[in-house]
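A look at the structure
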Amino acid sequence: MQMTGQTGQTDATAVPRRAQDGVAIRVRGASMVFGTGPQRHCVFEGISFDVRSGEVFCIVGGSGCGKTTLLRQIAGLQRPTSGEILFEGAPVTAPSRERAIVFQDYGRALLPWRTVRANVRLGISPGSVSRQDAEAEVTRLLAMTGLAAAAEKYPSELSGGMQQRVQIARCLAQRPRLLLMDEPFGALDAMTRQSLQDELLDLVAREGITVIFITHDLEEAIYLGDRVMGLGANPGRILTTLDIALARPRHQLTTREAAEFIARRHQLHQLIVGH
Ligand SMILES: Nc1ncnc2c1ncn2[C@@H]1O[C@H](COP(=O)(O)OP(=O)(O)O)[C@@H](O)[C@H]1O
Ligand SMILES: [Mg+2]
């Protein structure tokens, strides 16, 4: 069941290339405006930040402050009205396999008429590897995400947590260097959510992937993040970016009881919720 249960399976080719200057994503003065005239709605304005290669960068903020819009722009699904976004130094102009997105709504992200194995296989770029190597990679990913026993099942036969594992495994099959996650655990019960948090941390550390993780849960952001950026609304803007000085590996009990965890939670709560 545990992604953490599998070790020593990361081959050298799975270790991603790092950006030369250590910056994976650079957002410079990004603004997003929908509509014109009286219909004009500025979602966010003048947002600038860097995400370092290999870090878990969390973005928190209330509903409607533009988190999903910002993530879509980083993915290349949408262009900012002004400003620019660079991935490893090159402007983001279109979606790329190097930047995989995990959506909250796993039900819509999976193909219901395909088995778990076939859904994960979809992540592999057609023609990039032999059929045999593709199957071996899918098997590795299924084991890593705790899905080995569910390989021949259909999504509707799985719990929400297992379906979300399938979406994560499919994204990893793309061999991304950046994983973009939009409230991926928001629809799951608290216990499933905590185990997936730990499995995600273990997995991205082993695969060396940079993560941008969006949540509206302050504690989830602190628990996962190397840094947490807090956004305010109307228009969306950066309120703070905090370094999270909590040791890794993190632990659901002791990390959440640490003075650093509580101090950061107070800070973010005052800024974002009290905002
Ligand atoms: N295509 C669109 N046209 C008009 N408004 C949009 C569009 N997409 C998003 N918005 C608006 O942008 C704001 C931010 O949306 P979103 O990025 O989904 O916020 P969040 O993910 O933080 O809840 C919302 O007010 C939403 O209505
Ligand atoms: Mg959203």
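Please read all numbers here as calculations on a predicted model, not as lab measurements. (Residues numbered from 1 in each chain as written. Chains lettered and ligands numbered in written order. Predicted model: local features only at pLDDT ≥ 70, side-chain atom pairs only at ≥ 80, totals over all residues. Heavy atoms only, no water.)

Looking at the environment of Glu183
The cut-off we apply is this: Numbered from the N terminus, helices here are DSSP runs of H or I no shorter than four residues, and strands are runs of E no shorter than two. Buried residues are those whose accessible area, probed at 1.4 Å on protein chains only, stays under 20% of the maximum for their type, while exposed residues exceed 50% and partly exposed ones sit between those limits.
Looking at the element boundaries, Glu183 is found in the loop between β7 (178-182) and α6 (190-207). According to the relative accessible area criterion, Glu183 is buried, its value standing at 13%. Placed 81 residues apart in sequence, Glu183 and Val102 show a C-alpha to C-alpha distance of 8.5 Å.

Section: the pattern of salt bridges
Side chains that differ in sign of charge can pair as their charged atoms come close. Just so we agree on the cut-off: A carboxyl oxygen of Asp or Glu within 4 Å of a side-chain nitrogen of Lys or Arg is what we treat as a salt bridge.
Scanning the model with the defined rule gives 21 salt bridges in all. Residue Asp21 is joined to Arg26 by a salt bridge in which the shortest nitrogen-to-oxygen separation is 3.9 Å. Classification of Arg26 as partly exposed rests on a relative accessible area of 26%. Between Glu219 and Arg265 there is a salt bridge, with the nearest N and O atoms lying 3.5 Å from each other.

Looking at the confidence of the model for the protein
Heads up, the condition is: How sure the predictor is of each residue is captured by pLDDT, a score from 0 to 100. By definition in these notes, contact holds between two residues if any of their heavy atoms fall within 4.5 Å.
Summarising the model, the protein shows a mean pLDDT of 91, and 92% of its residues fall at 70 or more. In the model, residues 1-17 has pLDDT below 50 throughout and makes 41 contacts with residues more than four positions away in sequence or in other chains.

Thoughts on the site of ligand 1
For clarity, the cut-off: A single heavy atom is enough: if one lies within 4 Å of a molecule or strand, its residue is considered near that molecule or strand. N or O atoms within 3.5 Å of each other form a polar contact, as long as, within protein, one can give a hydrogen and the other can take it, and as long as residues adjacent in sequence are counted only when both atoms are side-chain atoms. The accessible surface values rely on the Shrake-Rupley method and a 1.4 Å probe; as for residues, cover is taken only from the protein chains in view. Just so you know the grouping, Ala, Val, Leu, Ile, Met, Phe, Trp, Tyr, Cys and Pro go in nonpolar, Asp, Glu, Lys and Arg go in charged, and all remaining residues, Gly too, go in polar.
All residues adjacent to ligand 1 are Phe34, His41, Val43, Gly62, Ser63, Gly64, Cys65, Gly66, Lys67, Thr68 and Thr69. Between ligand 1 and Thr68 there is a distance of 2.9 Å, counted from an oxygen atom to a side-chain nitrogen or oxygen. For ligand 1, an oxygen atom lies 2.5 Å from a polar atom in the side chain of Thr69. Relative to its unbound accessible area of 560 Å², ligand 1 is 59% covered by the protein chains. Of all the secondary structure elements, the ones that give two or more residues to the shell around ligand 1 are β2 (41-52) and α1 (67-75). A total of three residues in the shell around ligand 1 trace back to one element, the largest contributor, which is α1. Partitioned by chemical class, the residues of the shell around ligand 1 number three nonpolar, seven polar and one charged.

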